[in-house]
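Structural overview
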Amino acid sequence: MADPERPTRGRRADSREVVELRAVRELHPELADAVDMHLELLEMQRRVQGRVPLPSFELNADVMARHEAEARPILRFEDIPLDPTDLRLLVRQTADVLRRFGALDEADYQKAQTLGRDMNLLAMAGEWYRSGAEHHAVAAVSVSRVSAGSPKEEATMAAQVLGLAMRPFLSRCAEVLQQQSYLSLWTHQHCPLCGGEPDLSVITPAAERHLICSRCTLRWKFEALTCPYCRNSDRSQITSFATPDGQYRVYACDVCHRYLKAYDGRRATRPVMPVVDSVATLPLDAAAMQRGYS
Ligand SMILES: [Zn+2]
Ligand SMILES: [Zn+2]
């Protein structure tokens, strides 16, 4: 708490992500709302992330090998360095930002505020965390209305808000695992750390594909042409298309009809940045959905 660096943090030079997001807005004025919303979410998350302590879960090559054999993610909910006060704050602030940009309607906003004050928030976050692999796409919340109504839609609202609010805690944990060489032992399509689904990927200069977790943003290597949702590996059943500049690709599966976007790092001037690249590829999402993929 007594970090002497902290008071100046907000005024420090803008992060690389902020600079890149502004560049996206410059190039694609039609994405201005999405960019502005994510700039606010980033700033909010950054303030909290600076004070999240390093997690202390057990991590070594043996642990990784054991979890790999059982396809079981490493991080238990109990081991996330979660501060309940910060989580409550993030839930309410996330709801504020989403509503301001029209991504939450009034009814859902009120529910999210209630969630942020609920003494059971931690239990609900635990439930959300454990049911992880089913939830998808919290990295780029498109600016579209999430309507209230059925329990499923309500669960989607909670998942969306919780996914964004949990991000600072989970990405702190991901930082620790990301640096370990034994991460390469993991061969499954869900995140080795938190069990989340990938919702973006990056093609490395060595032409490997690394999946990026939608919840904690950990990156791990996965077969380049296998669908990470149903493991279909028949190339004739994978449809692939790129943006005109070749910077991004979509791999769509004609078996399960889901798709995954990729940032092509072979022709890039910067590393992949999940938030930036998710926003920059919102038009690609529209194109994939138009073709019947989800
Ligand atoms: Zn993850
Ligand atoms: Zn598939």
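One structure accompanies this document, and this report is about it. (Residues numbered from 1 in each chain as written. Chains lettered and ligands numbered in written order. Predicted model: local features only at pLDDT ≥ 70, side-chain atom pairs only at ≥ 80, totals over all residues. Heavy atoms only, no water.)

Our focus in this paragraph is the coordination of the zinc ion (ligand 2). Coordination of the zinc ion (ligand 2) by the protein is provided by Cys-227 (SG), Cys-230 (SG), Cys-253 (SG) and Cys-256 (SG), with metal-donor distances spanning 2.2 to 2.4 Å. All donor residues of the zinc ion (ligand 2) come from one chain, and their arrangement in sequence is C-x2-C-x22-C-x2-C. Judged by its relative accessible area of 32%, Cys-230 is partly exposed. (Donors = N, O, S within 2.8 Å, 3.2 Å for Na, K, Ca; no water. Buried < 20%, exposed > 50% of the residue type's maximum accessible area, 1.4 Å probe, protein only.)

Before going further, it helps to examine the packing of helix H5 (residues 84–100) against helix H7 (residues 121–130). The N-to-C vectors of H5 and H7 enclose an angle of 75 degrees; their axes lie 10 Å apart at closest approach. Classed by the angle they form, the pair H5 and H7 counts as roughly perpendicular. Residues Pro-84, Leu-87, Arg-88 and Val-91 of H5 form the contact with H7, whose participating residues are Leu-121, Leu-122 and Ala-125. Along the lines of polarity and charge, the residues of the contact of H5 with H7 split into six nonpolar, no polar and one charged. (Axes fitted to C-alpha atoms, helices over the stretch in contact; angles between N-to-C directions. Helix = DSSP H or I, 4+ residues; strand = E, 2+ residues; numbered from the N terminus. Parallel < 35°, antiparallel > 145°, perpendicular 65-115°, else oblique. Contact = heavy atoms within 4.5 Å. Nonpolar A, V, L, I, M, F, W, Y, C, P; charged D, E, K, R; others polar.)

A separate point is the side chain of His-67. Positionally, His-67 belongs in helix H4 (residues 61–70). Of note is the side chain of His-67, whose polar atom sits 2.9 Å from the backbone oxygen of Arg-72. Those residues in contact with His-67, other than ones at most four positions away along the chain, are Arg-72, Pro-73, Ile-74 and Trp-186. (Polar contact = N/O pair within 3.5 Å; in protein donor to acceptor, adjacent residues only side chain to side chain.)

A positive phi is found at Ala-207, a non-glycine position, where the angle reads about 65 degrees. Inspection of the secondary structure puts Ala-207 in the loop between strand E1 (198–203) and strand E2 (209–213). Given a relative accessible area of 42%, Ala-207 falls into the partly exposed group. Even without being a glycine, Arg-231 presents a positive backbone phi close to 65 degrees. Structurally, Arg-231 can be placed in the loop between strand E3 (219–222) and strand E4 (238–242). On the basis of relative accessible area, Arg-231 is assigned to the partly exposed category, the value being 32%.

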